[in-house]
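Summary of the model geometry
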Amino acid sequence: MIISSAPMRISFAGGGTDLPDFYTRYPGRVISSAIDKFIFIAINHAPYTNHVAARYSLSEEVSHPSELKNTRIREALLDLGIEKNIEIGSFAPIPARTGLGSSSSFSVALMKGLYAYVGKKLDKREVAEAACRLEIDLVKEPIGKQDQYAAAFGGFNVLQFNPDGTVDVEPVLLDYKKRMLLESHLILFFLGTTRDASSVLTEQKANTQKNFETLKRMSDSVPVFKETLLHADFKSAGEMLLDGWTMKKQLASAISNTGIDNLYEIAISRGAWGGKILGAGGAGCLMMLAPLDSRAAVVEALTVGAKTEGFEAACEIPVGFVQAGAEIVTNSYGR
Amino acid sequence: MEQFIQEFSQKAITLLNNLPKVEIAKAMNILQAAFERDGRIYVIGNGGSLALATHWVADFNKTVFSHNLDEHQRRFQAIRLPTTEEELTAWANDVGYDMVFSGPLRNYIQDSDVLIAISSSGNSENIIRAVELAHEHKVPVIGISGFDGGRLNPLSDAKILIQTTQGEYELVEGIHAIVLHIFTKYFKEYFDHVLLLRRQRDKLHATAH
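Report on the accompanying structure. Given the structure is predicted, the values throughout are model-derived calculations rather than measurements.

Details of the pairing of strand β2 (residues 28-45) of chain A
Residue and element names in this part refer to chain A. With 13 of 18 residues buried, β2 is to be regarded as a mostly interior element. Both β2 and strand β5 (residues 86-91) contribute to a ladder of six bridges, which runs antiparallel. Pairing of F40 across the sheet is with F91, part of β5.

This is how it looks when you write it as structure tokens:
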């Protein structure tokens, strides 16, 4: 068996600038960090069965990969020419579609594992590109490239999306003190609802022309945001998120709704500096930065407020930043 | 004599003032990632660089955690290769000196690992062979070199080059020791800090109940 893994991520600023409609005209930038929540993919060679099995939230057993409902596993197997005798399962600590980039983490871990299965080792960049190709070219998701790179590389990075399609990965070199201080200022609040990233992004993609100037400002805000983190000025970072939130709300109608707006306002009223909805929006996780002495009050108010707004399963998720990217955890078929 | 000492120390000070800080920071991120995935860190070098490698392994496996040895369940797994003189001489005598690092490394290497290669010239063939093996496995390489960096520096993921004129072994090896001690000191303080936060949290938790 092969077990591969890839981290989920928190994206702080620049989301939406990783779409080609934008970055072919102006360099897109995203600042994000891998977090200590990992997707694991297990790949089993089953020579005495003729089937292809995919086990995730559904369990599928088919005689040819083209019959699979899971688009990512289907296209990856077809692309690699793996037609039978394989079982693939995925495991994660958090449900899919929470805004933590988990679908791309899935694709990254899947490609890392499947390439190892056919005897090829991929480095970080190769696995990021393989996952982008899978999701964008083969599955034809209308998504950008930030999540695949965040999951493949791990760590805290500024990703720059160049007009020629290349991606620069520049690490944000936070020492352990600043990194851990940021962790203690950060509140990741899971709203317990899910949404399909594609539908929001399709609208956002259609609006790219209209929103070009807004996206340009978001891209340009990334280096500034990076500087606030390097100076451990989390108040300014939070205030920038507040500005970014206002800007992003203009991009697509579904990104926010009244319930989330109310929770955001509640957090601010209890002293949070700012924050954002993670991912393409609509729902998912609310991420806030708050002073240490009002952190507990913000979490409590969000917990109460979430119940009122109908987010029954809402809760805080403790989170740490990690350096680890896509990995082969184990490979019993040889090194 | 004092002038000789002054000139040497002045050169060392200049090199210290120009340490490749970004590359050293990248190297520490690579080590952090290896720790997170419980990977192993192999260290190789010839002559004085081998002595640096051995010293650093002792520091990283023990000194980093020395304040609280029992409280850290997971620790670094730093390994100097080859691990025994028997292996070193067997590879050198039977196969060739070029294989003394990559030969033993092939026995150990897994995808989750890291290689630290120390070479003042950056051109030692046995070092380059091991770096190439690491590349085959997509294992990150921290290259610690001197002079003009030789072949090692461009082949490394973290390019720690202490740039001097050719042959300044004493300066280069001295600064290399300091770079390696920066790794040790950083992680020692990091793990102390992790424990401090954990204790504060436990105390808060105890008070809350």
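The rest of the description comes next.
Digging into the sheet that holds strand β8 (residues 186-190) of chain A
Whenever strands of a sheet pair, they do so through backbone hydrogen bonds, lying parallel or antiparallel. Residues and elements named next belong to chain A. Ordered in space as β9-β10-β8-β11, the four strands form an open sheet in which the pairing is antiparallel. Taken across any chain shown, the strands that pair with only one partner, and hence form the sheet edges, are β9 (274-277) and β11 (315-316). With five bridges connecting them, β8 and strand β10 (residues 285-289) associate as antiparallel partners. Paired with L186 across the strands is L289, a residue of β10. Along the sheet, helix α10 (residues 258-269) makes contact with β9 and β10, crossing β10 at roughly 20 degrees.

Quick notes on the interface of chain B and chain A
Facing 16 residues of chain B, the contacting portion of chain A comprises 16 residues. For the side of chain B that touches chain A, the secondary structure elements donating two or more residues are α2 (21-36) and α8 (169-208) of chain B. For the side of chain B that touches chain A, the element with the most residues is α2 of chain B, which contributes seven residues. Here the residues of the side of chain B that touches chain A are counted per class, giving five nonpolar, six polar and five charged.

Re the sheet that holds strand β2 (residues 77-80) of chain B
All names here are of chain B. The strand order across the open sheet formed by five strands is β2-β1-β3-β4-β5, and the pairing between neighbours is parallel. If you trace the sheet from one side to the other, it starts and ends with β2 and β5 (158-163), each paired once. Direction aside, the axes of adjacent strands within the sheet are offset by 15 degrees on average. The sheet contact formed by strand β1 (residues 40-45) and β2 spans four bridges and is parallel. Along β2, the bridge assignment pairs V43 with R80. On top of the sheet, α2 reaches β1, β3 (114-119), β4 (141-147) and β5; it is set at about 140 degrees to β5, its chief contact.

Thresholds applied
Residues numbered from 1 in each chain as written. Chains lettered and ligands numbered in written order. Predicted model: local features only at pLDDT ≥ 70, side-chain atom pairs only at ≥ 80, totals over all residues. Buried ≥ 20, exposed ≤ 12 C-beta atoms within 10 Å, placed from the backbone. Helix = DSSP H or I, 4+ residues; strand = E, 2+ residues; numbered from the N terminus. Pairing = 2+ DSSP bridges. Contact = placed C-beta atoms within 7 Å. Axes fitted to C-alpha atoms, helices over the stretch in contact; angles between N-to-C directions. Nonpolar A, V, L, I, M, F, W, Y, C, P; charged D, E, K, R; others polar.

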